[in-house]
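# Structural overview
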Amino acid sequence: MKRKVTKAIFPVAGLGTRFLPATKSIPKEIMTLVDRPLIQYAIDEARAAGITEFIFVTSRGKGALEDYFDNAPVLEAALRRDGKDKLLDILNSTNMESGAIAYIRQHKALGLGHAVWCARRLIGDEPFAVILPDDVIAGEKSCLQQMVEAYEETGGSMVAAMEVPPEKTSSYGILDVADDSERLVSVNKMVEKPAEGTAPSNLAVIGRYILSPDVLENLETIDRGAGGEIQLTDAIAKEIELGRGVHGYRFEGQRFDCGSKAGFLQATVAFALQREELRDEFAQYLSDLTSLPRAAQ
Ligand code: G1P
């Protein structure tokens, strides 16, 4: 029996060292694209896909994340007093219903698989989603929603997938698929961060998953994998070994790797250009900027 996916895990325990010194005092997930923290994009995507329970796997120093989703009574009172209704609406859109968010600490940095496993008791025996907030995906329909719709047909486990340049495959989980032409593909094998030249394809796992609770059991027994960490990819790959279905879903939309500085900057530009109040001025700036070097030649 296929059940509705209502729970999502957000692994947010990482140290964010690629963004030091900023991440010395703020969690990476609070860094903003235009004016919204990365985590807000992830939450909005999950909500659009029908998720109602949000499980954050955190670590020491992530208190700002908890505060972000809390009510802010002093700020709200000040905005109300000044009649700033639009700002109040923005603020209210970040409030979460009481009990909708749970925080679990990952006490040791043992990898993504371990982080997901830390939430096992909150998941129980239901299919669940995993969203990696570093991967920001812009599109008409939320990536997770596209996957939920496909999952209603397939059941089992599903990962978001996207072609990456061959020289980048060693940074991703890589899929070996039977039929390479379709949006929804059945996965034969998965390998986490294959050594250069050994990847079975260039179809990479992107940070959106819908997983069977069996994956949590696999996480109990698998060995440490790439980088000496307990890898989520390995636990999903075990589903295939056990004869259970795993699908890759080539989503529609543009993915930004906000775990890297270049990706973060690209996302900032793309999202700024989508905003009505910024578009004209910012596009003009970009156009001036790119025409300057040409004029100098
Ligand atoms: C994680 C996963 C990897 C996946 C990637 C997508 O790696 O382990 O399989 O391809 O996210 O962003 P990380 O980027 O955390 O090293």
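These notes cover the structure that comes with them. Just so we're clear, the structure is a prediction, and the values are computed from it rather than from any experiment.

So, about the overall build of the chain. A tally of regular secondary structure across the chain gives 11 helices and 13 strands. The globule rule puts the C-alpha radius of gyration for 297 residues at 19 Å, and the 20 Å found for the chain is close to it. Along the first, second and third principal axes, the C-alpha atoms of the chain reach 60 × 55 × 35 Å. Across the 297 residues that make up the chain, the buried fraction comes to 46%. For the chain, long-range pairs separated by at least 24 residues make up 75% of all intrachain contacts whose partners lie at least 6 apart in sequence.

All right, on to helix α10 (residues 261–274) then. Owing to its 3.6 residues per turn, the α-helix brings residues three or four apart onto one side. For α10, with 14 residues, the first-to-last C-alpha span of 20 Å sits near the 20 Å given by 1.5 Å per residue. Those residues of α10 lying buried are Gly 263, Phe 264, Ala 267, Phe 271 and Ala 272. With its buried residues spanning 165° around the axis, α10 presents them on a single face. For α10, the exposed residues set more than 90 degrees away from the buried face come down to Lys 261 and Leu 265.

On to the packing of helix α8 (residues 214–221) against helix α9 (residues 232–241), then. Packed helices, taken two at a time, are described by their axes: the angle between them and the distance between them. Packing of α8 against α9 brings their axes to within 8 Å, and their N-to-C directions diverge by 115°. By the angle class used here, α8 and α9 are roughly perpendicular. α9 is crossed by α8, and the crossing has right-handed handedness. Listed contacts from α9 to Asp 214, Val 215, Asn 218, Leu 219 and Thr 221 of α8 are Leu 232, Ala 235, Ile 236, Lys 238 and Glu 239. When the residues that make up the contact of α8 with α9 are grouped by side-chain class, the tally is 5 nonpolar, 2 polar and 3 charged.

Right, let's talk about helix α1 (residues 38–48) for a bit. Burial within α1 is extensive, with 8 of its 11 residues counted as buried. For α1, the full list of buried residues reads Leu 38, Ile 39, Gln 40, Tyr 41, Ala 42, Ile 43, Glu 45 and Ala 46. Looking one or two residues past α1, Gly 50 carries a phi angle of roughly 95°, positive in sign.

On to unusual backbone geometry. The linkage connecting Leu 20 with the following residue, Pro 21, adopts the cis geometry, with an omega of 5°. Mapped onto the secondary structure, Pro 21 falls in the loop between β1 (7–11) and β2 (32–33). Within the chain, Val 34 stands out as a residue other than glycine whose phi angle is a positive 65°.

For the rest of this paragraph, the subject is the environment of Val 177. As for its placement among the helices and strands, Val 177 is situated in strand β9 (residues 173–177). Look past the residues within four positions of Val 177 in its chain and what remains in contact with it is Val 185, Ser 186, Val 187, Asn 188 and Leu 203.

The subject of this paragraph is the site of the ligand. As a structural note, the neighbourhood of the ligand is formed by 13 residues, with Asp 135, Gly 173, Glu 192, Lys 193 and Val 205 the closest of them. Between the ligand and the protein, one listed contact pairs an oxygen atom with a backbone N or O atom of Gly 173 at 2.9 Å. Lys 193 places a side-chain nitrogen or oxygen 2.7 Å from an oxygen atom of the ligand. Within the complex, the protein chains bury 76% of what would otherwise be the 380 Å² of accessible surface of the ligand. Residue composition of the shell around the ligand, grouped by class: 5 nonpolar, 4 polar and 4 charged.

In this section: the nonpolar core. The biggest cluster of nonpolar side chains holds 37 residues, and the ones touching the most others in it are Phe 10, Phe 54 and Phe 56. Among the secondary structure elements, those contributing two or more residues to this core are β1, α1, β4 (53–58), β6 (128–131), α7 (143–154), β8 (157–163) and β11 (203–211). In terms of residues, this core owes the most to one element, α7, which gives 6 residues. Beyond its immediate stretch of four places on either side in the chain, Phe 54 contacts Ala 8, Phe 10, Ile 43, Ala 46, Arg 47, Met 96, Ala 100, Ile 101 and Ala 102. In this structure, Cys 118, Val 187, Ile 236 and Val 246 belong to the second largest nonpolar core, which totals 33 residues.

The rules we used
Residues numbered from 1 in each chain as written. Predicted model: local features only at pLDDT ≥ 70, side-chain atom pairs only at ≥ 80, totals over all residues. Heavy atoms only, no water. Helix = DSSP H or I, 4+ residues; strand = E, 2+ residues; numbered from the N terminus. Rg over C-alpha atoms; globule rule 2.2 N^0.38 Å. Buried < 20%, exposed > 50% of the residue type's maximum accessible area, 1.4 Å probe, protein only. Contact = heavy atoms within 4.5 Å. Expected span 1.5 Å × (residues − 1). Arc of directions from axis to C-beta. Axes fitted to C-alpha atoms, helices over the stretch in contact; angles between N-to-C directions. Parallel < 35°, antiparallel > 145°, perpendicular 65-115°, else oblique. Left-handed = near helix turned anticlockwise from the far one by under 90°. Nonpolar A, V, L, I, M, F, W, Y, C, P; charged D, E, K, R; others polar. Near = heavy atom within 4 Å. Polar contact = N/O pair within 3.5 Å; in protein donor to acceptor, adjacent residues only side chain to side chain. Areas by Shrake-Rupley, 256 points an atom, 1.4 Å probe, with all protein chains shown as cover. Core = buried A, V, L, I, M, F, W, Y, C linked by side-chain atoms within 4.5 Å.

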